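Residue-level structure breakdown
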Amino acid sequence: MNILHAHYQPPQMPSETGGILFWMETSDLPAPKSGRAAKKEKSRPHPFCADTDTLKRVLNIEGAPKTATLRLPAVKGIPLPSPQLIHNWNLDSKNPELAPFLINGIWTRPPEALPTLLIFSSQTDASFSPAADTRFWSMVSALALETLAAHKLIPVIVNEEKNYYARWLPILDAPKDAARLKQLEDAMPAICRASLDNVSPKNLLTSFLDTFCDALAREWGKSAAPKSYDNSSAVSWIKALFSENALIQLSSAQAQNLAASHKAWMRNLHVAGDAAFRITFRLEAPASQKQPWQLHYLIQAKDDPSLLIPADEVWKKTRGALTHLGHRFEQPQEKLLAGLGYAARLFPPMTESLRSKRPTELTIDTNGAYTFLRETAPLLVGAGFGILVPPWWNKKGARLGVKVKMKSQGKDVVKGHMSFDNLVRYQWKLSLGETELTETEFKALAKLKSPLVQIRGQWVTLDAEQIEAAIKFWEKSQLEGEMSLLDAMKLGLGGETSAGGLPIDGVESDDWLSGWLKKFEQADKLEQLQQPKGLDGQLRPYQLYGYSWMTFLRKWGMGACLADDMGLGKTIQTISLLLNEKGTKKKLPAPALLIAPTSVVTNWEREIGRFAPGLKTYIHRGATRLRGGEMREAVKGQDVVLTSYPIARLDAESFQSMKWLAVILDEAQNIKNPEAKQTQAIRKFEAEFRIALTGTPVENRLSELWSIMHFLNPGYLGARKSFRENFALPIERYRDEEAIKQLKQLTTPFILRRVKTDPRVISDLPDKVETKVYCTLTEEQATLYEAVVQDVMKKIEEEEGIKRRGLVLSMMMQLKQICNHPVQYIHQKSKAGADVSLDNRSGKLERLGELLEEVLAAARNDRALIFTQFAEMGEMLADYLPKAFGAATQFLHGGTPAKARDQMVRRFQEDEHAPPIFILSLKAGGTGLNLTHANHVFHFDRWWNPAVENQATDRAFRIGQKRNVQVHKFVTTGTLEEMIDDMIESKKGLAQAIVGSGENWLTEMSTDELRRVVTLRRQ
Amino acid sequence: MPYDYWFKPTKAIKTKDGIKAQSKRGAFAKNWWAQRWIAALERLVDSGRLTRGRSYARQGQVLSIDETKDGVAARVQGSMQTPYKISIKINHLTDAEWGKVIDALAEQAIFTAQLLAGEMPQDIEQAFEQAKVSLFPATRRDLQTECSCPDPANPCKHIAAAHYILGERFDEDPFLIFRLRGRTQEQVMQALRQRRAGSDEAVEEEAEEMEAAIPLEESISNFWDMGTPLEGFSVSIRPPAIEMPLLKRLGAASFVPEPGIQSWLSAAYQAVGRKAIQTAFKDTSEEE
């Protein structure tokens, strides 16, 4: 496992450039040996720093090897590993102190460092993870990119003794920038300063931005640098802006003269204010058209726009600075005056107001006000001034816009079978404020030739550009027609903001349509259904809502994605939906096809059997499964057909050959890859409606989101490529707020996600939820299982007494091992070393993996305990899970020394970086410990003694637990595990008594009874 | 050009290191106030010396030009090995005269506003007239010049050359004339601030505290993590609404030759912006 660090090193002199030293911690090396604490001033090599060849291979970059000395927290001469590093070293972490360590890395200049920073900061898997410093600098370099993209940099001259350098300087002075820079400053991890701790985070951040912007602009601008040069000083400077060493080739008198000119030119850079305050103009409209307008001069706090100081208060100050509620504005009078002088150049009418001694405002007429709003204000905003315009300016209704009227098609609605393919009649209208305009009315208004007109006391703008657009709109657009319900929905949800160059100001829909749209936006507008008939169980209130919601979307032929957290009951909500479809009918009009991961198919069968025995279920799997016409015949009378993803792909043709009532995908993240054959095959299955179930936060995994939405409502989110450009990349890499907002608006109607901590869920949820996790045997497991049963049962028949007892217990043990994993049974691990693959050989392990993935994906600091009675299995899990999920584990077993045991428990309870998975052997960890930090408990194999299991569960479920606890008990179907589980369930009270201690009671069974229990029931 | 030689008996030694005038032909100085400065000189010098002074300024014969306590000191490379030393001074106004000037300037905010924005107010001379003094040198006595060259005429072509270069500095910095008249920008501004506040009390300056770095030792417990989570931190990588907004804010740079700084750098800005967006949105995810 590797952790990638990016260490930014600033330039030491103006002639140098800074860059990134990439280095990597690796746990692929032997455990570091502790020694005496190093003498403070002497640095020693970092013991688990990857060598530069490995680093080059992993990052695939060119760069020079370089060393650096970093001061890192260390104990006994060993630096503490970063918390993300998964390792199995036993290191002391008490009372660390800073000590210098020599690290080997690859040195890159900004142009080479940038792609690596961007790509690797979001890549995390079992073998690789970026450290916080890498993620931090990646975010800062994204900010540098934003600056470069927006041309927010200026060419400057930097002087160092006799030398003058040409540099590109980023200017971050937009209103939100001060707050953003402060946020970065506070976020900077201490490790960023490990080689230069006398530099403040603020200075280091500034240096990074300056260095990166300069180096990148120099490199990227080179090809477009001016070609024809004359011999003036300024041209030498411009040349140096694109040269490698940035030195301006001029005599010092020439450079000095140039620098003086440059300084004068820069005078207006901060003309609008500084980091804390800016100069702001507030335009106020008169009550009637005949009265004049007022333009007020003010000073405004950048981080608190409501903090406004009028100019006359500024004139009263004699002090050098203005302080107001902790904000400090240096030389406010001069700044205000300079700003006014600058603004007056752009807006000459302002000059008159400056004839007074202490100007505070300007009076202008309507045309002047319009010119200010339209022409001057954007320039002033560009220069950093604040503009407070009348609230109606540029708003809906205060300028020309368009409205669309939508009308539902009567007869389809009545039938209740409207769908995405149904059509809505639309009509576009030109609008001005509340008023709809006919062509004649519009022409009359246009003739007024006044850019600001008052209509019924409301000011509205009407400029030449808009008038032009309106004429075009009339001429070119299709003003009336029909559109799909999907398009109507997009319009209704604000998915479109303009039409034909004019802003959309209103979407008017008839009562039916607007009522319909509201149901998507407001939960309380949705009709709550009663619990369906035939449901054996009680729906909790939020489940009732989820089921009503799915039914509502289904009614309109729209696909729904139920993305509730694990344990909230997606299964029972889905079963309710199907029961509701069935109603009082004997069977569904066509079967619903439910596709789930192989390991969960059985779980579905059991759950349907338990909650809705009336639903006829058919499982399509196994080597002898029917295909084509035979399959169609077989499923005819069924309500639900269950199958797995792999089989859905293999038998795609059969599934495509009939029409289903529904296609339901469980763990829908299985179709996250839109190019995969499986995804494409499933997308072609024909159905009246589609449902996707997933427990992962789908809204954060955008390619997955697109693929699922594409399955549910094809075309709604646009083509994949445009989706990546408009949403996925801006959001994933840069958390673009606009894009996030728009996407949320578009997808909200189709995704319902409740998490365990939702207030409306939490009150419905019991503190402890126990579920059985049914899993199946792989072919390898089944073969081994049957062989053992056959072999041992024969011997048991021939033996008696102690010997028989021993045989029974040994058989039980072996069968349990097989259910866990074939490798555990064969003890392959110890024989063949660590290279045996555990993947795809145990249904139970696969299922555990799927559940853990959901637990870890929730990103809520969920933590899990896994109990097993076999130390060998625990060791296998401790070794396998980190590799498979990139999540660290701790393993506590009988052989763990008391000191290490205490340390593990303390770490799990107190350290926020502790491994989220804690594996415990039932004997060593089942009693006594307090592990309330866990909110999931997995019983990987069973002790068949509820008391023992409950006691283990209570490690997490006890006083001090603040969250709901989910208990997952694994049961391998068709095996002794299921048989015994059933026996215990059917006579719980009795079982308590019988099974008092251990599993000895099993040995008391008659041979026939025993055979019935252990024989494998293949499915 | 051999015949030139005969017409120019004192040919200046060429130099590469001198300050070249921004103006390549035609009139020196772009703004009226700088032109007024040039005019003050041109009244005193014959046209031959002015022509040679202009070409000296354009060829870069002025080696250095520095403001001193009471004027301007310059070095100009002439026909002798050692450059000539030049000084240009204007009579300082007395404190009383300055007092009256400040009074007049304080009457209208526009004077300060335009000066601070880098512009000499059109009617500033009237403000000076109210105080019965003149801003620009008005008479021969106002402008005191000296040169170490053998030319008996004063001002000579060397003085003229330095004067032209100074004229270009004026273009960029209207406060230069104030300094030559004996007051810095800060002094003028402070006096004006007091007038606006209507009091004579001394203006206090408050010091700002220094930015201190937190010692690394104090961050050991949280050494590897973000100090505060970067939640809600958002970046929008987009092309600019207005191209080169900062260059537009700064306006024309008089020291950059035609066609001006925006034209010189426009292609580079676009290339940088384009590349930034390309890099930001380069899709590196492997399509399966």
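Cut-offs used in this document
Residues numbered from 1 in each chain as written. Chains lettered and ligands numbered in written order. Predicted model: local features only at pLDDT ≥ 70, side-chain atom pairs only at ≥ 80, totals over all residues. Helix = DSSP H or I, 4+ residues; strand = E, 2+ residues; numbered from the N terminus. Buried ≥ 20, exposed ≤ 12 C-beta atoms within 10 Å, placed from the backbone. Contact = placed C-beta atoms within 7 Å. Pairing = 2+ DSSP bridges. Axes fitted to C-alpha atoms, helices over the stretch in contact; angles between N-to-C directions. Left-handed = near helix turned anticlockwise from the far one by under 90°. Nonpolar A, V, L, I, M, F, W, Y, C, P; charged D, E, K, R; others polar. Right-handed = clockwise from strand over helix to strand, strands pointing away. pLDDT = per-residue confidence, 0-100. Expected span 1.5 Å × (residues − 1). Core = buried A, V, L, I, M, F, W, Y, C linked by C-beta atoms within 7 Å.

Focus: the overall build of chain A
- Looking only at helices and strands, chain A has 39 helices and 37 strands in total.
- The principal-axis extents of the C-alpha atoms in chain A amount to approximately 115 × 85 × 55 Å.
- Counting across all 1019 residues of chain A, residues that qualify as buried make up 45%.
- Partitioning the contacts of chain A with sequence separation of at least 6, the portion at a separation of at least 24 is 71%.

What to know about the sheet that holds strand S33 (residues 864-868) of chain A
Residue and element names in this part refer to chain A.
- If you walk across this open sheet you meet the 6 strands as S32-S37-S36-S33-S35-S34, and the pairing is parallel. Among the strands making up the open sheet, the edge pair consists of strand S32 (768-775) and strand S34 (889-892). Between one strand and the next, the sheet's axes are offset by a mean angle of 20°, whatever the strand orientation.
- Sheet topology places S32 next to strand S37 (residues 965-972); 8 bridges connect them, and they run parallel. Among the inter-strand pairings, Val-769 is bridged to a residue of S37, identified as Gln-966.
- Here helix H32 (residues 843-857) sits on the sheet and contacts S32, S33, strand S35 (917-921), strand S36 (936-939) and S37; the angle it forms with S32, its principal contact strand, is near 140°.

Side note on the environment of Ile-467 of chain A
Residues and elements named next belong to chain A.
- Among the structural elements, Ile-467 can be located in helix H14 (residues 464-476).
- Using a count of 17 C-beta atoms within 10 Å as the deciding quantity, one classes Ile-467 as partly exposed.
- When the C-alpha positions of Ile-467 and Leu-91 are compared, they lie 74 Å apart, and in sequence the two are 376 residues distant.
- Setting aside residues up to four positions removed in sequence, Ile-467 forms contacts with Ala-446 and Leu-462.

Considerations on the packing of helix H2 (residues 110-120) of chain A against helix H3 (residues 132-149) of chain A
Residue and element names in this part refer to chain A.
- Put simply, H2 and H3 touch, their axes get as near as 9 Å, and they point 115° apart. The handedness of the crossing between H2 and H3 comes out as left-handed. Mapping the contact onto sequence places Leu-114, Leu-117, Leu-118 and Phe-120 in H2 and Thr-134, Trp-137, Ser-138 and Ser-141 in H3.
- Looking at side-chain class alone, the contact of H2 with H3 contains 5 nonpolar, 3 polar and no charged residues.

Here we look at the sheet that holds strand S28 (residues 640-644) of chain A
Residues and elements named next belong to chain A.
- Taking strand neighbours across the sheet as the criterion, the 7 strands line up as S27-S28-S26-S29-S30-S25-S31 in an open arrangement whose pairing is parallel. Here the strands that pair on one side only, and so sit at the sheet edges, are strand S27 (617-619) and strand S31 (751-752).
- Summarising the sheet, S27 and S28 pair through 3 bridges and their orientation is parallel. Note that in S28 the partner of Tyr-618 across the bridge is Val-641.
- Contacts from helix H18 (residues 570-582) reach strand S25 (560-562), strand S26 (592-596), S28, strand S29 (659-665) and strand S30 (686-693), with the element oriented near 160° to S30.
- Sitting on the sheet, helix H24 (residues 702-712) touches S25 and S30, and the angle it makes with S30 is about 150°.

A look at the interface of chain B and chain A
- Each partner contributes residues to the interface: chain B has 89 residues there, and chain A has 105 residues.
- Listing elements by their share of the side of chain B that touches chain A, those giving two or more residues are strand S1 (62-68), helix H5 (109-116), helix H7 (157-172), helix H9 (185-197), helix H10 (245-250) and helix H11 (261-280) of chain B.
- With 14 residues, H11 of chain B is the single largest residue contributor to the side of chain B that touches chain A.
- Looking at the side of chain B that touches chain A, its residues break down into 46 nonpolar, 19 polar and 24 charged.

Remarks on H5 of chain B
- Of all 8 residues in H5 of chain B, 8 are buried, a share of seventy percent or more.
- Looking at H5 of chain B, one finds that the buried residues are Ala-109, Ile-110, Phe-111, Thr-112, Ala-113, Gln-114, Leu-115 and Leu-116 of chain B.

A closer look at the pairing of S37 of chain A
All names here are of chain A.
- Across the 8 residues of S37, 8 count as buried, placing the element largely inside the fold.
- Neither face of S37 is exposed, since Val-965, Val-967, Lys-969 and Val-971 on one face and Gln-966, His-968, Phe-970 and Thr-972 on the opposite face are all buried.
- Here 4 bridges tie S36 to S37, and the two strands are oriented parallel to one another. Bridged to His-936 within S37 is Gln-966.
- Traced from S36 through helix H36 (residues 946-953) to S37, the parallel crossover comes out right-handed.

Examining unusual backbone geometry
- Of note, the bond from Asn-154 of chain B into Pro-155 of chain B is cis; its omega dihedral lies within 30 degrees of zero at 5°.
- Residue placement: Pro-155 of chain B occurs in the loop between strand S4 (143-147) and H7.
- For the peptide bond that leads from Glu-258 of chain B to Pro-259 of chain B, omega is 5°, which places it in the cis range.
- On the secondary structure map, Pro-259 of chain B appears in the loop between H10 and H11.
- Phi at Lys-76 of chain A is positive, roughly 50°, even though this residue is not glycine.
- Here Lys-76 of chain A lies in the loop between strand S4 (64-75) and strand S5 (78-79).
- Judged by C-beta crowding, with 17 C-beta atoms within 10 Å, Lys-76 of chain A ranks as partly exposed.
- The phi angle at His-151 of chain A is positive, at roughly 60°, despite the residue not being glycine.
- By the secondary structure assignment, His-151 of chain A is in the loop between H3 and strand S8 (153-160).

Things to note about the confidence of the model for chain B
All names here are of chain B.
- Here chain B shows a mean pLDDT of 83. Residues at 70 or above account for 89%.
- By mean pLDDT, helix H1 (residues 2-7) is the weakest element of chain B at 44, and H11 is the strongest at 93.
- Contacts from residues 1-8, a stretch scored under 50 in pLDDT, to residues over four places away or in other chains number 0 contacts.
- Taken together, the stretch residues 202-208 has pLDDT below 50 and engages in 11 contacts with residues farther than four places along the chain or on a different chain.
- As scored by the predictor, the complex reaches a pTM of 0.72 and an ipTM of 0.86.

Brief notes about helix H5 (residues 201-221) of chain A
- The end-to-end C-alpha distance of H5 of chain A is 29 Å, a good match for the 30 Å that 21 residues give at a rise of 1.5 Å each.
- In terms of residue burial, H5 of chain A counts as a mostly covered element, since 15 of its 21 residues are buried.

Remarks on the environment of Asn-257 of chain A
- Looking at where Asn-257 of chain A falls in the secondary structure, it is placed in helix H7 (residues 252-265).
- Given 24 C-beta atoms within 10 Å, Asn-257 of chain A falls into the buried group.
- When the C-alpha atoms of Asn-257 of chain A and Ser-233 of chain A are compared, they prove to be 9.0 Å apart, with 24 residues separating the residues in sequence.
- Not counting residues up to four positions away in its chain, the partners in contact with Asn-257 of chain A are Ser-233 of chain A together with Ile-19 of chain B.

Observations concerning the nonpolar core
Residues and elements named next belong to chain A.
- One finds Phe-22, Val-140, Ala-144, Leu-148, Cys-213, Leu-216 and Trp-237 to be the most contacted residues of the largest nonpolar core, which totals 104 residues.
- In terms of residues, this core owes the most to one element, H3, which gives 11 residues.
- In this view, Trp-237 contacts Ile-157, Ala-166, Ile-248 and Leu-258; residues no more than four positions away in its chain are not counted.

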